[in-house]
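# Structural overview
The residues making up each chain are set out below.
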Amino acid sequence: MVNLFRDVVYKLRFEQFHFDKEKFLEEHATDRKFYQKVFLTDMFKVFLEERLNGTTDYWSDLEMKTRGFSQSRSMTPSSYRSKPRRYTLSQIVPLDKKDTTVFCLKEITDLKIHIKNTKMQITNAMEHADDYDDRTSLQYLRALYNFADNDNMAAMQDFINVSTANVRILPAKVLSDLYSRLTEEEKTKFTNITGHEVILDCIENKGGEGERQRIRMDPIEVPDTDLNYHKFDEIISLKQMSNDYRTIKNLFEALTQETNSSTTEIKQMTFQIFVCCWEDNQIQCKKVKLEENTLSEEETILKISTLIKTDYGLGRIGLTDKRLFFLSDVSNNYREIVKLREIKDLEQSEHSSLFSIFSRVQTLKIHRLGKGTSPFTAYLKEERNWWYMVIREMWAGKVVAEAMKDVMMVQHAIQNTLLIDAIIASGQEECTTHYNNTEAAAEKMSYFYNLYKEGKHLLPQDTQNALQRKIDVNVGERESRTVSSLLYTGGDEQISPRLWCGFNDGRIKVFNAVTWTLESEIIVDHKSNVACLTAVDDNHVWAGSHGIFILDAHSLTLTKTLRENSDLVTDIIVYDDKRFVYTASLDGTIVKWNTQKLSRAKEKIKLKNFVNNSLRSMKIYQDRLICGSWNIIIICDLEGTVLKTVEIKEKDTVIEIDSFTVARNGEVWVGARRGGKIYIVDYSTGEVKHSISISSNCRGINSMKEVDGRIWTGTKEGMIYIYSVNNRRLWKQLVGHDDAVRVLCDIRDRQGNVNNTYMISGGGSKDGRVCIWNATADSLPDLSLSDEHSQ
């Protein structure tokens, strides 16, 4: 049953509440009649609604568990924008199975006495309960007894505590009645309680339970009126022409010949013709019949020509995302012209006939790499410039994607190529807005060709050697977000390795680290940053935001929330063979947790030195807590007793700190927030014993990580500088991001081979990408440098 409807998820458009029924039926032609009947049932509509609302149930759980055994889906245009699953705080299902605990209530003789005694009985049971879920259940029961006893504030506090474990079990009607009982004074006190927002959200959502958004399954029609940008964006997205916000904006400006999308409308006729041209090209490409295995499995035909003369004879040429090919006339025999990566250059030329020197035919010459290879000439006549612009965008996209090792760029280039083709095709009609400026409109969409011209793909040799993969983790988003935390978890027999990305808008995206497809999107705190991600054990990942959110590493569900830290949690560190976890928050609060009981192992540590919410990072070294703020580093014991306070100064000026890391030899490497300087602090004495100047162009250091005796340093310019701990010299410098390197995370290879180490870096919002680097020493030879980098 799961396999029958698994692909339904990939045809859902969550933002528009739309199911692409026709596309699904087209891809399942053999079972078309079966699905057509199913789609008419109320049961299927309920199923769609649950998927679009992100309901977590038996089907979604089983679909996730069996996904590893199904055929892996690459990011083809049809699945490019798919978001398989989405979770919020209101959709939490604890999946751990355990023995049932029984709590017996006493008989009711006198109601008031019963309520009073039972509350005491529950409180006593909570104090002796070791299991976190048992304590939550008891607290829920006590909340109901407090509600019955008219102890309103106590009931509210209990329900808030319950919400940290499982929001879904909160009784919305009871909470609504309880809130209405509160006096104005009690409501003021209630709003000062940490976590009260969850209760208010639950009460507000209760009022909208009966409202259902209509699911659309009909084909997307072009309106018969002019379109504003919002409507244009919606239709382009639903028709899967593009899922990139910047591309859609450029397309709108290209078709309207205006730069202000907020006040401009696109003419209905222009858009109608553009869409028809785009769809007609899709139809023509699907009509091409090739023998099986002629093209690769995921290869897509993007354009096919009319009958033309070529060096291979009379026939048609075709363009895919991997190659150009020729189909001979009549026999339809296939012959490869060139793979895109082997194109050396494209030349627009003209051919003169011996019999008519005044008649010149426009031709396109495709120069190929390799000695002794002659160019391939296609006599395209009036369509020469058209084909030139279409081929060069796909060619440039392929070259740039392979050079930058960004697999998602290829899909972006496919979309751009198809849009350029539709722009030129529609521009042949006099009634379109861009009729007199067709080439300029197409040039506006030539994003990858412009990157190619600017040489953006020409990475330094060191970067080429180290860079393994670049992933756009903001793909499909309207606004690129900062990657603020990263985590890699290994796979097993049932699930693949995963890359977890935390963003500054409270979301976590989980990618399959083999196919690099999005597996799940989890919203832990829509009002805050996901500052850190830590795998506490093989089954659980802890996410730090305004609270600690515990996620099941297998089902990707949010199971529990811990709120002992009263501010943004900036670091989560596993300690003592995973028996304990230390969490630190901006306000200087440090909590030690028992990982089995999910309870505080001791009283909170409150470091008074961190004022104005400045505890930004924490490490543990030799049973000492090392905590960093904007201007000081504090070394204290595990009880919170301050042993040393380190303040870095130059000429009596305190140096602001943005990041630090602790090397294996005990040296604390500290990165300056402003300026390209690293300070090396002696752990035992707290003295600055060395400094390193990175570059005069460096505006600051955002992230630092030690791996295998080398310090990786990420800067605000997007550069990564790697220094050897032993001699403090620059080992390598890498170019990876177009914005600040906000986070660094080290991993071992997927087979557990300790000889292969990788580093993952995450960029700021202007970049929004993740780079995976090979950090193994043998893969990157040392630089021979003078001492000018060290002082």
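What counts and what doesn't
- Residues numbered from 1 in each chain as written.
- Predicted model: local features only at pLDDT ≥ 70, side-chain atom pairs only at ≥ 80, totals over all residues.
- Heavy atoms only, no water.
- Helix = DSSP H or I, 4+ residues; strand = E, 2+ residues; numbered from the N terminus.
- Buried < 20%, exposed > 50% of the residue type's maximum accessible area, 1.4 Å probe, protein only.
- Contact = heavy atoms within 4.5 Å.
- Areas by Shrake-Rupley, 256 points an atom, 1.4 Å probe, with all protein chains shown as cover.
- Pairing = 2+ DSSP bridges.
- Core = buried A, V, L, I, M, F, W, Y, C linked by side-chain atoms within 4.5 Å.
- Patch = residues over 30% accessible without salt bridge, like charges linked within 9 Å, V, L, I, M, F, W, Y side chains within 5 Å.
- Salt bridge = Lys/Arg side-chain N within 4 Å of Asp/Glu carboxyl O.
- Axes fitted to C-alpha atoms, helices over the stretch in contact; angles between N-to-C directions.
- Parallel < 35°, antiparallel > 145°, perpendicular 65-115°, else oblique.
- Nonpolar A, V, L, I, M, F, W, Y, C, P; charged D, E, K, R; others polar.
- Phe/Tyr/Trp six-rings, centres within 6.5 Å; stacked < 30°, edge-to-face > 60°.
- Expected span 1.5 Å × (residues − 1).
- pLDDT = per-residue confidence, 0-100.

## Here we look at the overall build of the protein chain
Along its length, the protein chain carries 19 helices and 44 strands. The buried share of the protein chain, taken over its 791 residues, is 55%. Considering only contacts within the protein chain whose residues lie at least 6 apart along the sequence, 54% involve residues at least 24 apart. Of the roughly 36900 Å² of accessible surface on the protein chain, a fraction of 46% belongs to carbon and sulfur atoms.

## Remarks on the pairing of strand S39 (residues 710-715)
Summarising burial for S39: six of the six residues are buried, a large majority. Across the two faces of S39 the burial is the same, with Arg710, Trp712 and Gly714 and Ile711, Thr713 and Thr715 all buried. Examined bridge by bridge, strand S38 (residues 701-707) and S39 share six bridges and lie antiparallel to one another. The partner of glutamate 706 across the bridge, within S39, is isoleucine 711. Where S38 folds back onto S39 in an antiparallel hairpin, the turn is made up of two residues, including aspartate 708, whose phi is positive at roughly 50°. As judged from the five bridges shared by S39 and strand S40 (residues 719-724), these two strands associate in the antiparallel manner. For isoleucine 711, the partnering residue across the bridge sits in S40 and is tyrosine 723. What sits between the antiparallel neighbours S39 and S40 is a turn of three residues, in which glycine 718 has the positive phi angle 95°.

## Section: the nonpolar core
Among the nonpolar cores identified, the biggest contains 67 residues, and Phe232, Leu251, Phe271, Phe274, Ile317, Ile343 and Ile423 are the most heavily contacted of them. With 13 residues, the single largest contributor to this core is helix H15 (residues 384-404). With 21 residues, the next largest nonpolar core counts Val475, Leu518, Val743 and Ile772 among its residues.

## A look at a nonpolar patch on the surface
A grouping of Met1, Leu4 and Phe34 is seen on the molecular surface, where their side chains present a nonpolar patch of about 320 Å² in accessible area. Here leucine 4 is to be found in helix H1 (residues 2-5).

## Observations concerning the packing of helix H13 (residues 245-256) against helix H16 (residues 407-426)
Following both chains from N to C, one finds H13 and H16 inclined at 10°, their axes separated by 12 Å at the closest point. Judged on the interaxial angle alone, H16 and H13 are roughly parallel. Within the contact between the two elements, H13 uses Thr247, Leu251, Ala254 and Leu255 and H16 uses His412, Asn416, Leu419 and Ile423. Residues of the contact of H13 with H16, tallied by class, amount to five nonpolar, three polar and no charged.

## Structural notes on the packing of aromatic side chains
Given two aromatic rings, one states the distance between the centres and the angle between the planes to describe the pair. Applying the stated rule across the entire model yields 26 aromatic pairs. Considering the side-chain rings of phenylalanine 19 and phenylalanine 24, the 5.9 Å spacing of their centres and the 55° angle between planes classify their relative orientation as tilted. Ring centres 5.0 Å apart and planes at 85° place the aromatic pair tyrosine 621 and tyrosine 683 in the edge-to-face group. With tyrosine 621 in strand S28 (residues 617-621) and tyrosine 683 in the loop between strand S36 (677-681) and strand S37 (688-693), the pair connects residues that are 62 residues apart, well separated along the chain. Within the aromatic cluster, the residues linked to one another by ring pairs are Phe5, Phe19, Phe24, Phe34, Tyr35, Phe39, Phe44 and Phe47.

## Examining the sheet that holds S39
In space, the four strands of this open sheet follow the order S38-S39-S40-S41, with antiparallel pairing throughout. The open sheet has two edge strands, S38 and strand S41 (730-735), and neither has a second partner. Within the sheet, the average angular offset between the axes of one strand and its neighbour, ignoring direction, is 20°.

## Observations regarding helix H7 (residues 132-148)
Here H7 contains 17 residues, and its C-alpha end-to-end distance of 25 Å stays within 8% of the 24 Å for a straight helix at 1.5 Å per residue. Turning to H7, its buried residues are Tyr132, Asp134, Arg135, Thr136, Leu138, Gln139, Arg142, Ala143, Tyr145, Asn146 and Phe147. Buried positions along H7 lie against helix H6 (111-128), helix H8 (152-163), helix H9 (172-181), strand S22 (558-562) and strand S26 (599-600).

## Comments concerning the confidence of the model for the protein chain
Per-residue confidence for the protein chain gives a mean pLDDT of 85, with 90% of residues at or over 70. Confidence, expressed as mean pLDDT per element, reaches its minimum in the protein chain at strand S3 (residues 86-87) with 36 and its maximum at strand S6 (residues 301-304) with 96. A low-confidence stretch, residues 69-97 (pLDDT under 50), is modelled with 108 contacts involving residues beyond four sequence positions or located in other chains. Predicted confidence for residues 781-791 stays below pLDDT 50, and this span has 22 contacts to residues more than four positions away or in other chains.

## Regarding the pairing of strand S15 (residues 483-489)
Looking down a regular strand, the side chains alternate between one sheet face and the other. Of all seven residues in S15, seven are buried; the element is thus mostly enclosed. The pairing of S15 with strand S16 (residues 498-503) spans six bridges and is classified as antiparallel. Looking across to S16, one finds that serine 485 is bridged to glycine 502.

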